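# Understanding the architecture of this molecule
This is what each chain is made of:
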Amino acid sequence: MAYDNTATADGEGVSGGLTVEADEVDDARTVSIVDYGSGPGTLLGGKRWVTDNWSSDLTTLNSQTGSTARTLHSWGVTVPGYDRVHLSDPLPGQETTPASTVFQAFDLTGIRAVSYGQDSLLRWDIVSQIELFVGGSWTTVPAPGGGWMNGTGFVGYNPSGAALDTLRSATGVRITVEPNDAARAASSEPGRPAPGSGVASSATPRSLWLQWQLRNALRVPSGADAWVTGSTAFNAADDGVVRNAFRVDADGTTRDASDDVTLLDTPPGVGTAKTVTPASIVVPYPGDVAEGGYPSIRYTVDTWNTAAARASYLRVTDPVPCGTPTDCVTAASDRDPDVFTGNAYDAASNPFERFTITNVDFTVAGGVPVDQAATQVALWHYDDATDTATVTTTTMAALAAADAATLADVVGISVVYQSTDPETTGGLIPRGSATTNTIRMTIDAQLRMHPRSEPLALVAGGVRVDNDTLAQSYDPVLSATARPNALASADVQLRAAGLDVTASKDATPSTILETDPDVPLTVTLGATDGDSTASAEVVTISDTTAEFWDAFAFTSLGTVTRPAGADRARVDVQLDGVTAWLLGDAVSAPAAPALPAAAASEPERITGIRVVFDNADGRPFSATVPAADWAATVTYTVTLRAGAVFPGDVTNQVDVLAEHDGLPASAADTGITILLSTGTPRIDVRKEVEAGGMKEVQPGEPYPWTLQVTNTGTSFIAVNEIVDEMGPSLRYDGSAPSYDNTAAPGMPSSGITVSQASASNLTFAFPADAVLAPGDRFVITVNMTLLPGLTAGQRAVNTFWVDTDQVFAAGACTNVSGNGQGVLPDLEENQCGTSNFVSPQAGPLLYAEKEVRGEIDGTLVDGATNISDPALPCVATDGGFYRSVCVPSTVIGATDEWRLGAANTGTTPYTRLTFVEPLPAPGDRLLATGSARGSDWRPVFDLDYGIQETTVAGFPAEGAGRNDRHLRGDHLARAVCRNRGHFELAERPRLQCR
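In this text the structure is predicted, and so the values were computed from the model without any measurement. (Residues numbered from 1 in each chain as written. Predicted model: local features only at pLDDT ≥ 70, side-chain atom pairs only at ≥ 80, totals over all residues. Heavy atoms only, no water.)

Read across the open sheet, the four strands follow the order S5-S7-S16-S9; overall the sheet is antiparallel. At either end of the open sheet lies a strand with only one pairing partner, and these are strand S5 (43–50) and strand S9 (106–111). When the angles between neighbouring strand axes are averaged without regard to direction, this sheet yields 25°. Where S9 and strand S16 (residues 206–214) come together, five bridges link them in antiparallel fashion. (Pairing = 2+ DSSP bridges. Helix = DSSP H or I, 4+ residues; strand = E, 2+ residues; numbered from the N terminus. Axes fitted to C-alpha atoms, helices over the stretch in contact; angles between N-to-C directions.)

See the structure below:
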């Protein structure tokens, strides 16, 4: 009967002065009063067969499986006052007649532990005693050292060894539960049972679990019916149904419960699998390998029971002697291992016609109780002398111990696996799979030189050897007629011996640069046995490519490495393009082979080379199977002959030939290409000024600048021009540049044409043979002067680039000097350039200059001459004036114009500026130093023109202000050349009178 109980709730409150009411809510639950069946209402009792999760219902079991089953026993007292409770299985009194109880079909194997979480009332009770009915009487099981209870609950009983055997032999179990008054008295927990109130009571049942194992044989046989099967009558109305009854007894008040499980019979089954390793072997060429060295294989034959019921017998036969394999399947009652008698030995189909068994072994999975002494084996023997076959029987253990001599004539094996006594115990071979509970037989066999039945013939390659295995299962308990069987096969491919060879070739370096044409080239020729299945008797490595020998001259023979197993090596050569071979001498290891004498004295005549490897007695390199691998190498050096064209390439091929008498030869070749390269052009540029780390210079003073180019690549670089763009603030002072070709012998130190396209341009044109070789560095040093006009901190940037015949890839033009200037962008692909800068010095600095313009009133002469080097250019400044080492031309009587200028290029103001112009005269001296001035002529001052003064804005007549800097004043004067020669108005500008 069930009762519904509903609860409701609502609430109200005040928020902001307003009353707020909540919605009413409710919930309901149902409580039931459970009827546990007949019996006193103060006891609870129930019984269920359960699965391995200890809770789900178990309704069926497969018979003859040895399966584990579990029962859940529900019990309890609903009122206090009981002194103790006995839990009995089977019902009391039935323990003496197990044929009528669950013990007829099951062995008890354990009592499960019960934790306080599973039964909280065990905190107030104890399991005080466990008893077993064994041998006609009740026996108390000794409690463990701490008793049947511990800190987590009831410890359970799960014995092993002899104690487990005793438990299995029991036909009844009784468990006693009593109150734990000590625990109750020591606790203050509300609701605990009171001491002296008896076994803890509850309205809900408590749990206890037993564990069972299904038997194969009845505990109490009944006539011919000895097995536990689905057709056996037990203690229930239907065959195959096993009932388990259970009693709860509280001080004489009892309650019983029971549950049934049904046994199902399943058909037998068998599985088998077979492999062979290796699956392919080589038949040696006759005479190469002794028969004892012939290759071996291993057959692996696995067998297992596929049925749910444990098998009594499993047979495996290898090979199957019947033409139709299923003809060898025997009757369900015929478990004789001999299936060979009555079958003829067939040389065409029996794998052991070509193989000899050398060993048989077995591996049995741990859970499979095969008795090797009881397991019977039939061996099939063949006598080639009489062409007859016989059968002997032995045991599995004896076969595993048999030596190769005992097995030499065996051509078939049939094994019937079994436990010690299946007739009594029933089947014990459990269900398995290809990976579990298997029984493995391994058969080692060696390839024969001669077929077993034809001693004068030879086992040949190109044949597939098939081998079938037949497996059969027998279950006399559940199936008297079934003949389940399975087939498996494994094939071995016999391959004929044959030659193979590989060729390899390498050259170091693989590229020859035009810049280093004489570099030695090391050539390495190689050969290996590749995928040979036979060993060579002769190997020849040849190099005869005409194109290669036309381009390269032989210089020396390097290392010759013989193939493993070859004792001799001989070097032959071709000379002067003739294809006939000049033979060398064959030498045995460890001596190194040498060139023929005629070639050794003139190696450059060699136009072909080969090395022949063999043994003096003609034997193959290897006498094993598989044949031992070998590798051979030959090295030699060559150099490029004269006349090679760059860029270009030269191809070369190596040919390898492997030979064996009676076998087809094997040839291989491979080639390489040697590049003749002009190299990779790479160039580095650097520009520096010798003005200290701050790069601050005094305007008007010449400073040396260096223009450096370095070939950092691998090709020659033909240099056409080096161009310097000085910008608006720097000027070439006209002095002779210097050229440093110390580290660049291919670059000139003279014959360089210097020109100026403008006052800010300086171009160095080089002869046609100017070349930078890899690693060469060429430096130009040229003086330049900073013009006034920049303030402190401003920069005068000077760029330069080199123009070549080579094309530079991205990144091939570099500036790695560390000066942080980088390379110039937007140049042509054959150019590379960089830059640097100077700034004017700070402090008190005065810049002064003097310029001259010749014959301003006529056209008889023009231009100027660089007196330091007439080949150097002279470019006029604004107004046609020349300065420094450039001397303009004039004529006697012509009027010349002189310009004197000064500028404050420092950071300190000047209050007064005075120009002093001592006109030249023969024998005059310099004002500053007093040394001879070197004037040869005296000019006549043009009084009519006088002196013309030009000042920049802000230059006052009374002097420069304190904050006026870099102001400039110019004075213009004229004179007439009265005598032939030249004269000077200052220390630098001069005129040449013509």
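Spatially, seven strands are ordered S6-S20-S19-S8-S15-S11-S12 in an open sheet, and the strand pairing comes out mixed. The open sheet has two edge strands, strand S6 (60–62) and strand S12 (137–140), and neither has a second partner. Geometrically, the sheet is characterised by an average inter-axis angle of 25° between neighbouring strands, direction not taken into account. Of the pairings in the sheet, the one linking S6 to strand S20 (residues 253–264) comprises three bridges and is parallel in character. Residue pairing in the sheet places threonine 60 in a bridge with threonine 262 of S20.

Here the focus is empty space enclosed by the protein. Per the stated rule, a full pass over the model turns up three cavities of 30 Å³ or more. In this structure, the largest cavity encloses a volume near 80 Å³. Along the walls of the largest cavity sit Trp75, Leu87, Val114, Asp119, Leu122, Val127, Phe154, Ile175, Val177, Arg206, Ser207 and Leu208, which together make up its complete lining. Counting only elements with at least two residues in the lining of the largest cavity, the list comes to strand S15 (173–179) and S16. Here the lining of the largest cavity takes three residues from S16, the largest share from any one element. For the lining of the largest cavity, the residue count by class is nine nonpolar, one polar and two charged. In this model, the second largest cavity occupies a volume close to 40 Å³. (1 Å grid on protein atoms, 1.4 Å probe; cavity = no way out; pocket = protein on both sides within 12 Å on 5 of 7 lines; lining within 4 Å. Points joined across faces, edges and corners; volume = space filled by probe spheres on them. Nonpolar A, V, L, I, M, F, W, Y, C, P; charged D, E, K, R; others polar.)

Tallied over the full model, the rule gives 31 salt bridges. A salt bridge links arginine 84 to glutamate 178, with the shortest nitrogen-to-oxygen separation between them at 3.2 Å. Here the residue arginine 84 occupies a position in the loop between strand S7 (68–77) and strand S8 (85–89), and glutamate 178 occupies one in strand S15, the gap between them amounting to 94 residues. Several salt bridges share partner residues, and in doing so they unite Asp119, Asp125, Asp181, Arg184 and Arg206 into one network. (Salt bridge = Lys/Arg side-chain N within 4 Å of Asp/Glu carboxyl O.)

When the pLDDT values of the chain are averaged, the result is 91; 94% of them are 70 or greater. Across residues 978–988, where pLDDT falls below 50, the model places 52 contacts with residues more than four positions away in sequence or in other chains. (pLDDT = per-residue confidence, 0-100. Contact = heavy atoms within 4.5 Å.)

Position of serine 433 among the secondary structure elements: in the loop between helix H5 (422–425) and strand S29 (439–447). For serine 433, a relative accessible area of 25% gives the class partly exposed. Sequence separation between serine 433 and asparagine 305 is 128 residues, and the spatial gap between their C-alpha atoms is 7.4 Å. (Buried < 20%, exposed > 50% of the residue type's maximum accessible area, 1.4 Å probe, protein only.)

The next point concerns the environment of valine 573. Take valine 573: it is sitting in strand S37 (residues 568–575). We classify valine 573 as buried; its relative accessible area is 0%. Leave out the neighbours within four places in its chain, and valine 573 touches Ala580, Trp581, Leu582, Leu595, Pro596, Ala599, Ile606, Gly608 and Ile609.

Put plainly, a disulfide is one covalent bond tying together the sulfur atoms of two cysteines. Evaluation of the coordinates by the stated rule reveals three disulfides. Each sulfur in the disulfide pair cysteine 322 and cysteine 328 lies 1.8 Å from the other. Measuring the twist about the S-S bond at about 95°, one finds the cysteine 322-cysteine 328 disulfide to be right-handed. With respect to class, cysteine 322 is no different from cysteine 328; both count as buried. Two residues, cysteine 874 and cysteine 886, share a disulfide whose sulfurs are 2.1 Å apart. Here the disulfide of cysteine 874 and cysteine 886 is left-handed, its torsion about the S-S bond being about -95°. Placement of cysteine 874 in the loop between strand S57 (864–866) and strand S58 (886–890) and of cysteine 886 in strand S58 is noted, with a sequence separation of 12 residues between them. Using a relative accessible area of 8% as the deciding quantity, one classes cysteine 886 as buried. (Disulfide = S-S within 2.5 Å.)

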